[in-house]
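# Reading the structure
For reference, the chains in residue letters:
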Amino acid sequence: MSQRGEAQRILLDVRDLHTEFRTGVGVVRAVDGVSYTVERGETVAIVGESGSGKSVGAMSILRLIPNPPGRITQGEVIFDGRDLMRLSEAEMRHVRGGDIGMVFQEPMTSLNPVLTIGRQITETLEQHRGASRAEAHRRAVELLGLVGIADPERRLRQYPHQLSGGMRQRVMIAVALTCEPKLIIADEPTTALDVTIQAQILELMKSLTERLGVALIIITHNLGVVARYAHRVNVMYAGRIVESGPAAAIYRDPRHPYTMALLRSVPRLDRPRQARLDPVEGQPPDLTRLDQGCSFRPRCRFAVAACAASRPPLTPAGASGQLAACFRATELAGGAAA
Amino acid sequence: MSAALAAHEAPLLEVRGLRMHFPVTEGIVARRTIGTVKAVDGIDFTVGRGETLGLVGESGCGKTTTGRCILRLETPTAGEIRYKGQDIAKLDRKSLLALRRRIQVIFQDPYSSLNPRMKVGAIIAEPMKVHGVVPDAAKRADRVRELLSVCGLDPRFADRYPHEMSGGQRQRVGIARALALEPEFIVCDEAVSALDVSIQAQIVNLLEDLRERFHLTYLFIAHDLSVVRHICQRVAVMYLGHIVELASCDELFGNPLHPYTQALLAAVPVPDPSVEAARTFRPVQGEVPSPMNPPSGCVFHPRCPLAVDRCRREAPQPRELRPGHWVACSEVQ
């Protein structure tokens with residue numbers, strides 16, 4: 001593909017992003033040099049555990065990091081040809097909820113409790129698009145229908161607390177879609193929901209992103225959700241991407257020992273019961289005490305002397321498009337079974 | 001102990017017709033009852049000695065309330081909870097204290113269930129103090145160190161505060177505290193749900209080791225079906241205050257009969273894109289109705305693909321469709 005074609009295909013290009021927090025016990029490098037791209041219309045999952053930097057990374061893209069204590073110290077975020085890090089705050093407000101829609105984990109806290117559902121949607125339309133009240137109302141009805149809410153006229157007059165959790169998340173998705181975004185960032189969109197409702201919401205997001213051609217960044221800790229919905233995956237550990245690539249390749253032949261250990265540790269309904277689970281040993285890293293070596297090293301069963309000396313960069317390993325930040329990535333083929 | 005053996009001897013715990021209804025009130029000065037939440041509405045099950053029974057279902061199905069009734073943190077509205085033959089639903093305060101030495105609990109959230117102002121050692125020693133089990137302070141300290149190491153923690157952690165520990169380590173402290181009185185029965189209420197994936201397997205393994213080592217019996221309340229399948233011998237599926245299906249683990253996951261259990265299992269995505277790509281999947285429609293105003297007849301009928309007229313009128317009674325496999329549905333055969 002030509003360079004020009006490539007540039008048109010890529011919607012979001014995050015380059016060497018660094019975000020840190022100053023805390024009482026030291027500086028936490030929550031996001032420590034993260035680079036990845038999202039193509040138009042594709043679903044990219046960011047997987048990681050608490051403290052891995054997956055949410056902070058996404059909030060950094062939107063420049064929603066509270067300062068102090070947080071600060072984006074370095075990096076470029078090229079979205080549709082513009083570096084979001086260089087925009088004014090006013091321009092940035094236009095991007096948030098405009099070209100980039102957001103869906104958060106807890107819809108009760110991200111919807112305004114004193115505004116009706118209708119007002120939350122029409123407000124966005126009036127501010128971003130200068131729509132008239134009547135136009136905005138018509139579009140709001142249409143959007144609620146789109147996200148599968150029956151009787152939209154009645155729902156528009158209700159307040160968030162009058163809706164169930166699943167219904168509120170549908171409203172959040174409607175709000176995110178209001179200005180026909182090119183990208184939706186969904187931070188643990190279904191973690192607070194029950195499993196049957198989670199399935200409904202994820203199916204809805206999948207069909208809408210496919211139908212409307214919207215790219216989706218889905219941040220989650222659920223490896224099953226990633227397997228069902230993501231085209232590509234970035235696995236994060238201690239503020240860095242340790243493995244990335246096509247979802248199918250990473251699940252079939254993971255090359256970073258953390259990805260391998262993670263996939264091995266979860267019990268699976270489609271496999272015979274194991275006598276014993278195979279956990280990732282040790283504790284999650286203390287982000288204030290990282291050294292120059294690989295941060296997974298203390299828990300890694302493949303660690304060698306080189307791992308203490310420096311951090312391995314993301315390098316091609318395994319399938320086409322697959323990258324792993326491990327010195328031994330090429331020799332760890334089929335390592336998930338080891 | 002084998003499950004077959006457990007089935008023949010008297011169960012350790014026997015729950016019969018358990019109901020827990022909470023009044024819903026309105027008004028601050030003149031309080032009046034405007035309705036009832038039927039959190040648990042007539043359930044029966046047994047737990048054999050040495051067995052792990054899973055209690056699964058979505059929020060509001062009554063699984064946690066059931067656990068709280070067994071711990072007598074709630075006094076049931078109706079029904080019997082027989083522990084070794086004694087009905088604990090009707091015990092007075094004094095007999096309850098004795099019971100609580102035998103029945104302990106591990107909570108979901110290791111952040112809010114440990115007192116942040118107490119050192120880990122004091123947290124673990126507290127139940128022994130309250131029950132006067134190990135009156136000697138030095139011996140108690142020894143016991144705390146032993147419990148910490150049994151739970152995979154360095155005994156020196158006794159001098160730390162909970163905030164100095166990770167979530168997984170805190171959950172180990174919660175488990176050590178539950179073990180302090182040498183209980184027979186432990187209610188694990190979402191004991192691994194709040195933990196990170198990489199830590200969850202460590203705690204599951206620990207719970208299994210402890211079960212074997214101390215001959216424990218667990219009621220394992222959880223919503224993660226993959227974990228339940230791994231750790232339990234039998235599983236009860238709850239929906240809106242009712243048990244809709246109860247069977248051995250292999251039977252329930254291998255041959256789910258109730259439409260709700262089937263929907264629940266289908267909704268769990270498998271961590272493997274090649275498996276997922278081959279699956280055709282249509283999520284069950286609708287949401288769980290309010291337990292204040294549950295549907296007539298079978299509580300699942302508004303969402304059920306099999307529902308017929310009769311389901312709207314009659315509440316189905318549990319039937320044993322295969323040996324040990326109980327289903328509360330009048331349509332499945």
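In this text the structure is predicted, and so the values were computed from the model without any measurement. The numbers attached to residues start from 1 for each chain and follow its sequence in the written order. Think of it this way: whatever chain is written first is A, whatever ligand is written first is 1, and the rest follow in order. Residues qualify for local features only when their pLDDT is at least 70, as the model is predicted, and side-chain atom pairs are given and counted only at 80 or more; totals for whole chains, interfaces and linings, by contrast, use all residues.

### A short note on the overall build of chain A
Put simply, the rule is: Helix and strand definitions follow DSSP, with helices as H or I runs of at least four residues and strands as E runs of at least two, each counted in order from the N terminus. Here the radius of gyration uses the C-alpha set of atoms, whereas the globule reference equals 2.2 Å times the residue count to the power 0.38. Three classes are used. A residue is buried when 20 or more other C-beta atoms lie within 10 Å of its own, exposed when 12 or fewer do, and partly exposed in between, with C-beta atoms placed from the backbone. The contact criterion used here is simple: two residues whose C-beta atoms, placed from the backbone, lie within 7 Å are in contact.
The secondary structure content of chain A amounts to 13 helices and 12 strands. Taken against the 2.2 N^0.38 rule, which gives 20 Å for 338 residues, the C-alpha radius of gyration of chain A at 21 Å falls within 12% of a compact globule. Over its C-alpha atoms, taken along the principal directions, chain A stretches across nearly 65 × 50 × 50 Å. Burial analysis of chain A (338 residues in total) assigns 49% to the buried set. Long-range contacts, defined as pairs at least 24 residues apart, comprise 64% of the intrachain contacts of chain A with a sequence gap of at least 6.

### Considerations on the overall build of chain B
Within chain B, the regular secondary structure consists of 12 helices and 12 strands. In terms of C-alpha radius of gyration, chain B reaches 21 Å, essentially the compact-globule figure of 20 Å for 333 residues. Once the C-alpha set of chain B is aligned to its principal axes, its extents read approximately 70 × 60 × 45 Å. The buried share among the 333 residues of chain B stands at 46%. Counting only contacts in chain B whose residues sit at least 6 apart along the sequence, the fraction spanning at least 24 positions is 64%.

### Considering the confidence of the model for chain B
All names here are of chain B. Quick note on the threshold: Per-residue confidence from the predictor is given as pLDDT, running between 0 and 100.
Considering every residue of chain B, the mean pLDDT works out to 91; 98% of them sit at 70 or more. Confidence drops under pLDDT 50 across residues 1-7; counting only partners more than four residues distant or on other chains, this segment forms 11 contacts. The ipTM assigned to the predicted complex is 0.86, against a pTM of 0.89.

### Digging into the sheet that holds strand E5 (residues 86-87) of chain B
All names here are of chain B. Inclusion rule: Whether two strands pair comes down to DSSP finding at least two bridges between them.
Spatially, the 4 strands line up as an open sheet ordered E2-E1-E4-E5, and their pairing is antiparallel. Sheet topology places strand E2 (32-47) and E5 at the edges, where each strand pairs with a single neighbour. Judged from the 2 bridges that link them, strand E4 (residues 78-83) and E5 form a sheet pairing that is antiparallel. Looking at the pairing, Arg-82 lines up with Asp-87 of E5.

### A word on the interface of chain A and chain B
Just so we agree on the cut-off: Amino acid classes used here: Ala, Val, Leu, Ile, Met, Phe, Trp, Tyr, Cys and Pro are nonpolar; Asp, Glu, Lys and Arg are charged; the rest, including Gly, are polar.
Chain A puts 38 residues into the contact, and the matching count from chain B is 35 residues. Going through the elements one at a time, helix H9 (195-212), helix H10 (223-229), helix H11 (247-252) and helix H12 (257-265) of chain A are the ones with two or more residues in the side of chain A that touches chain B. Per element, the largest residue contribution to the side of chain A that touches chain B is 7 residues, and it comes from H9 of chain A. Its residues assigned to classes, the side of chain A that touches chain B comprises 19 nonpolar, 10 polar and 9 charged.

### Observations regarding unusual backbone geometry
Residues and elements named next belong to chain A. Asn-67 connects to Pro-68 through a cis peptide bond whose omega is -15°. Relative to the elements of secondary structure, Pro-68 occurs in the loop between helix H2 (54-61) and strand E4 (70-79). With an omega of 5°, the peptide bond between Pro-68 and Pro-69 qualifies as cis. Structurally, Pro-69 is set in the loop between H2 and E4. Of note, the phi angle at Ala-238 is positive, near 50°, even though the residue is not glycine. Tracing the chain through its elements places Ala-238 in the loop between strand E9 (232-237) and strand E10 (240-246).

### What to know about the pairing of strand E1 (residues 13-26) of chain B
Residue and element names in this part refer to chain B. Bridge count for E1 against E4 is 5 bridges, and the pairing is antiparallel. In the strand pairing of E4, Leu-13 is matched with Tyr-83. Here E1 hands over to E2 after 5 residues, with Gly-27 in that stretch at a positive phi of 90°.

### A word on the nonpolar core
Definition in use: Defined on buried residues, the nonpolar core groups Ala, Val, Leu, Ile, Met, Phe, Trp, Tyr and Cys residues joined through C-beta atoms within 7 Å.
The biggest cluster of nonpolar side chains holds 197 residues, and the ones touching the most others in it are Leu-183, Ile-217 and Val-226 of chain A together with Cys-188, Leu-219, Phe-220 and Val-237 of chain B. When residues of this core are assigned to their parent elements, the largest contribution, 8 residues, is made by helix H8 (residues 165-177) of chain A. Setting aside anything within four residues of it in sequence, one finds Leu-219 of chain B in contact with Val-47, Leu-53, Leu-55, Gly-67, Ile-70, Val-187 and Cys-188 of chain B.

### Let's talk about the packing of helix H4 (residues 120-130) of chain B against helix H6 (residues 167-179) of chain B
Residue and element names in this part refer to chain B. As a reminder of what qualifies: Only the stretch in contact is used when fitting a helix axis, every axis being a line fitted to C-alpha atoms; angles between N-to-C directions are given from 0 to 180 degrees. Note on angle classes: values under 35 degrees are labelled roughly parallel, values over 145 roughly antiparallel, values of 65 to 115 roughly perpendicular, and the remainder oblique. In this scheme the handedness of a crossing depends on how the near helix is turned from the far one: anticlockwise by less than a right angle means left-handed, clockwise means right-handed.
Their axes nearest at 7 Å, the elements H4 and H6 cross at an angle of 25°. In this view, H4 runs roughly parallel relative to H6, as classed from their interaxial angle. For H4 against H6, the interelement crossing comes out right-handed. Here H4 contributes Val-120, Ile-123, Ile-124 and Pro-127 to the contact with H6, which in turn contributes Val-173, Ala-176 and Arg-177. Counted by class, the contact of H4 with H6 contains 6 nonpolar, no polar and 1 charged residues.

### Let's talk about helix H2 (residues 63-70) of chain B
Residues and elements named next belong to chain B. H2 sits mainly inside the fold: 7 of its 8 residues count as buried. Among the residues of H2, Lys-63, Thr-65, Thr-66, Gly-67, Arg-68, Cys-69 and Ile-70 are the ones counted as buried. Downstream of H2 by a residue or two, Arg-72 has a phi angle that is positive, lying close to 60°.

### Brief notes about the sheet that holds strand E8 (residues 215-220) of chain A
Residue and element names in this part refer to chain A. Taken in spatial order, the 8 strands make up an open sheet running E6-E7-E8-E3-E9-E10-E12-E11, and their pairing is mixed. Two strands bound the open sheet, and with one partner strand each, they are strand E6 (100-103) and strand E11 (315-316). Of the pairings in the sheet, the one linking strand E3 (residues 43-47) to E9 comprises 4 bridges and is parallel in character. Each residue of the ladder has a partner; that of Val-44, found in E9, is Arg-232. Packing of H8 onto the sheet brings it into contact with E6 and strand E7 (183-187), and relative to E6 it is tilted by some 170°.

### As for the pairing of strand E11 (residues 319-322) of chain B
Residue and element names in this part refer to chain B. As defined by bridge partners, E11 adjoins strand E12 (residues 325-327) across 3 bridges and the pair is classed as antiparallel. If you follow Arg-319 over to E12, its bridge partner there is Val-327. Two successive antiparallel strands, E11 and E12, enclose a turn made up of 2 residues, where Gly-324 displays a positive phi of approximately 75°.

### Some points on the environment of Gln-108 of chain B
Residues and elements named next belong to chain B. Turning to its location among the elements, Gln-108 is positioned in the loop between strand E6 (103-106) and H4. Look at Gln-108 and you get buried, because 20 C-beta atoms sit within 10 Å. As for Gln-108 and Gly-174, which are separated by 66 residues in sequence, their C-alpha atoms are 9.5 Å apart. What Gln-108 contacts, discounting residues up to four positions off in sequence, is Asp-189, Glu-190, Ala-191, Ser-193 and Ala-194.

### A word on helix H5 (residues 137-150) of chain B
Residues three or four positions apart in an α-helix share a direction because the helix packs 3.6 residues into each turn. Residue and element names in this part refer to chain B. Counted only if it meets this: Expected span, for any helix, means 1.5 Å times one less than how many residues it has. Read the arc as the range of directions from the helix axis to the C-beta atoms.
End to end, H5 covers 20 Å across 14 residues, agreeing with the expected 20 Å (1.5 Å per residue, within 8%). Among all positions of H5, only Arg-140, Val-144, Leu-147 and Leu-148 are buried. Taken down its axis, H5 places every buried residue within 100° of arc, on the same side. Exposed and facing more than 90 degrees away from the buried side of H5 are Ala-138 and Lys-139. Taken together, the buried residues of H5 touch H4 and H6. Positive phi appears at Gly-152, one or two residues downstream of H5, with a value of about 80°.

### Here's the deal with the packing of H4 of chain B against H5 of chain B
All names here are of chain B. Direction vectors running N to C along H4 and H5 enclose 115°, while the axes themselves pass 9 Å from each other. Note on packing geometry: the crossing formed by H4 with H5 is right-handed. Residues Gly-121, Ile-124, Ala-125 and Met-128 of H4 touch H5, and the partners they reach there are Arg-140, Ala-141, Arg-143, Val-144 and Leu-147. Taken together, the residues of the contact of H4 with H5 break down into 6 nonpolar, 1 polar and 2 charged.

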